[in-house]
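Take a look at the letters that make up each chain.
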Amino acid sequence: TFSLEELMTLYLCRGQLEFLQGTPFQDDLEAIFKRLRSSMPPRSVAHLERLAEASTPRFLGVKDYSGQYQLLSDLRRALLKQQQIEIAYRPAKRKSETYRVDPYTLLFFKNALYLGGHAHNRQALRLFAIERIESLQLLSERFEVPDEYDASALTGSAFGLIDDGALQRIELLFDPEVAHLIRERTWHPQQQLEQKDDGRLLLRFDAAGDKEILSWIYSFIPHVRVLAPESLCQQFSDGLRHGLAFQQGVSP
């Protein structure tokens, strides 16, 4: 027996996973809710469907995993049974490589799926974007997840997902026009905010991963200024000049 509030929360959670359309996980979700509906009288089922519309997500840039249904089914088995796998993985703009992996974690980030685990040929933790896995083979060998393993180790000190570079102090100054947008969210666990008298807002945090940091900063143009570090300031300025030249149809 569930309360209406609990059922609404269940539908809210299901809605957040709608980007899993075409995967075995979506099939499981549908089976769960079908089981819920089968145990209720028709009037309650109708009310339940209304609850589904009371909380609706909206996604942008959703990836299509429908062509990897069997691959995801095999990966799910490997995660549950702790079986080693061999994958053919094609990094962006590079040739496909073969990896022997102990799959530890299926990671969700920005409505996309990533596999985290121990890559034997790298002897280190690695993240693999699911859509770039071309094939997956279940192996007979089993593995044990190390006691010291923590899923946060997959991303390290990265601002987003990729820890590509040294940890650095980031300082950003935002105009009053967008200061409220920055203040209303937590962008980094150890962020520091400083309100200026003129309405501008200073944001500080320590993170790695210039590409993801810059991608996020660019979303606030023209109301953001990069103060530190100097290397990020230079990359930000270079990106602005390149984008302007591209917009004008000239060579950067």
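Residues numbered from 1 in each chain as written. Predicted model: local features only at pLDDT ≥ 70, side-chain atom pairs only at ≥ 80, totals over all residues. Heavy atoms only, no water.

## Quick look at the overall build of the protein
Scanning the protein for helices and strands turns up seven helices and nine strands. In terms of its C-alpha atoms, the protein occupies a principal-axis envelope of roughly 60 × 50 × 45 Å. In the protein, buried positions account for 37% of the 252 residues. A separation of at least 24 residues holds for 60% of the contacts in the protein among residues at least 6 apart in sequence. Within the protein, one finds 30 positive and 34 negative side-chain charges whose respective centroids are separated by 4 Å. (Helix = DSSP H or I, 4+ residues; strand = E, 2+ residues; numbered from the N terminus. Buried < 20%, exposed > 50% of the residue type's maximum accessible area, 1.4 Å probe, protein only. Contact = heavy atoms within 4.5 Å. Lys, Arg positive; Asp, Glu negative; His and termini not counted. Charge placed at Lys NZ, Arg CZ, Asp CG, Glu CD.)

## Some remarks on helix α1 (residues 4–16)
Taking 1.5 Å of rise per residue, the 13 residues of α1 would be expected to cover 18 Å, and the 19 Å separating its terminal C-alpha atoms lies within 8% of that figure. Along α1, the residues that are buried comprise Leu-7, Tyr-11, Arg-14 and Gly-15. Considered in projection along α1, the buried side chains sweep an arc of 100 degrees and stay on one side of the axis. (Expected span 1.5 Å × (residues − 1). Arc of directions from axis to C-beta.)

## Here we look at the side chain of Gln-68
Mapped onto the elements, Gln-68 comes out in the loop between α3 (42–52) and α4 (69–81). Under the relative-accessibility criterion, Gln-68 is labelled buried at 11%. Within the structure, the side chain of Gln-68 is placed 3.2 Å from the backbone oxygen of Ile-133, a separation counted as a polar contact. (Polar contact = N/O pair within 3.5 Å; in protein donor to acceptor, adjacent residues only side chain to side chain.)

## Comments concerning the layout of surface pockets
Volume-wise, the largest pocket comes out at about 880 Å³. Along the walls of the largest pocket sit 26 residues, with Tyr-89, Leu-127, Arg-132, Leu-161 and Ile-162 positioned nearest its centre. Among the elements of the structure, β4 (124–129) and α6 (210–218) are those that each provide at least two residues to the lining of the largest pocket. The dominant element in the lining of the largest pocket, judged by the number of residues it contributes, is β4, at five residues. Classifying every residue of the lining of the largest pocket gives 14 nonpolar, two polar and ten charged. (1 Å grid on protein atoms, 1.4 Å probe; cavity = no way out; pocket = protein on both sides within 12 Å on 5 of 7 lines; lining within 4 Å. Points joined across faces, edges and corners; volume = space filled by probe spheres on them. Nonpolar A, V, L, I, M, F, W, Y, C, P; charged D, E, K, R; others polar.)

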